[in-house]
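Residue strings, one per chain:
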Amino acid sequence: QVQLVESGGGLVQPGGSLRLSCAASGSIVSIAVMGWYRQTPGKKRELVASITAGGTTRYADSVKGRFSIFRDNREKSVYLQMTSLKGDDTAVYYCNADISSGSVFSSYWGQGTQVTVSS
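Residues numbered from 1 in each chain as written. Predicted model: local features only at pLDDT ≥ 70, side-chain atom pairs only at ≥ 80, totals over all residues. Heavy atoms only, no water.

K.L.:
What is the right way to read the pairing of strand β9 (residues 91-100) from this model?
P.N.:
A regular strand places its side chains on the two faces of the sheet in alternate fashion. Of all 10 residues in β9, 8 are buried, a share of seventy percent or more. With 8 bridges joining them, strand β4 (residues 30-39) and β9 adopt antiparallel strand pairing. Across the sheet, residue Ser-30 finds its bridge partner in β9, namely Ser-100. In this sheet, strand β11 (residues 113-117) lies alongside β9 in antiparallel orientation, the contact comprising 3 bridges. (Buried < 20%, exposed > 50% of the residue type's maximum accessible area, 1.4 Å probe, protein only. Helix = DSSP H or I, 4+ residues; strand = E, 2+ residues; numbered from the N terminus. Pairing = 2+ DSSP bridges.)

K.L.:
Any chance you could explain the state of the cysteines here in plain terms?
P.N.:
Note on terminology: disulfide describes a covalent bond linking the sulfur atoms of two cysteines. In total, this model carries 1 disulfide according to the counting rule given. Between the sulfur atoms of Cys-22 and its disulfide partner Cys-95 the distance amounts to 2.1 Å. On the sign convention where negative means left-handed, the S-S torsion of about -80 degrees between Cys-22 and Cys-95 marks this disulfide as left-handed. Placement of Cys-22 in strand β3 (residues 18-25) and of Cys-95 in strand β9 is noted, with a sequence separation of 73 residues between them. Of the two residues, Cys-22 and Cys-95, neither departs from the other in class, the shared state being buried. (Disulfide = S-S within 2.5 Å.)

K.L.:
Before we go on, may I ask you to explain the sheet that holds β3 in this structure?
P.N.:
Sheet strands pair via backbone hydrogen bonds, and the direction of the pair is either parallel or antiparallel. Reading across from one edge, β1-β3-β8-β7 is the order of the 4 strands in this open sheet, with antiparallel pairing throughout. Pairing within the sheet leaves two strands with one partner each, and these edge strands are β1 (3-7) and β7 (67-72). Across the sheet, the axes of successive neighbouring strands diverge by a mean angle of 15 degrees, strand direction being ignored. (Axes fitted to C-alpha atoms, helices over the stretch in contact; angles between N-to-C directions.)

K.L.:
I would appreciate a short explanation of the packing of aromatic side chains in the present structure.
P.N.:
Two descriptors summarise a pair of aromatic rings, namely the distance from one centre to the other and the angle between the planes of the rings. Per the counting criterion, the structure on display carries 3 aromatic pairs. Taken together, a centroid distance of 5.0 Å and an interplanar angle of 65 degrees make the contact between Tyr-37 and Trp-109 edge-to-face. In this pair, Tyr-37 sits in strand β4 while Trp-109 sits in strand β10 (residues 105-109), placing the two residues 72 residues apart along the sequence. With centroids separated by 6.5 Å and ring planes inclined at 85 degrees, the aromatic side chains of Tyr-94 and Trp-109 adopt a geometry described as edge-to-face. Taken together, the residues span a long stretch of sequence, with Tyr-94 in strand β9 and Trp-109 in strand β10 at a distance of 15 residues. Trp-109 gets classed as partly exposed once you look at its relative accessible area, which sits at 38%. We note Arg-45 situated over the ring of Tyr-94; from NZ or CZ to the ring centre the distance is 3.7 Å. (Phe/Tyr/Trp six-rings, centres within 6.5 Å; stacked < 30°, edge-to-face > 60°. Lys NZ or Arg CZ within 6 Å of the ring centre and 35° of its normal.)

Structure below.
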């Protein structure tokens, strides 16, 4: 059984920084793309950033230049470094990963961590 466990959310003032962490555990053979999504009430979950096993990254336009995604393949972890945070960044952030326990990849989600940007 595969699990993704997130940590690092919380309350931060506008302009502040926060780092989210996500660790995968369980029966894992290979991890392909890992990413972070976010969702606010009444809106669809949206991609914030993703990173392939080879290190290719992709960012939503709204976070380019402020957020950085990186991963540790040996630790099966992915991180999201968030800087210059704004009120619009307030959301529940979810970790996602495409993981194989054998020959087939499946998409897994973490439980979500709340990020609130407010003074």
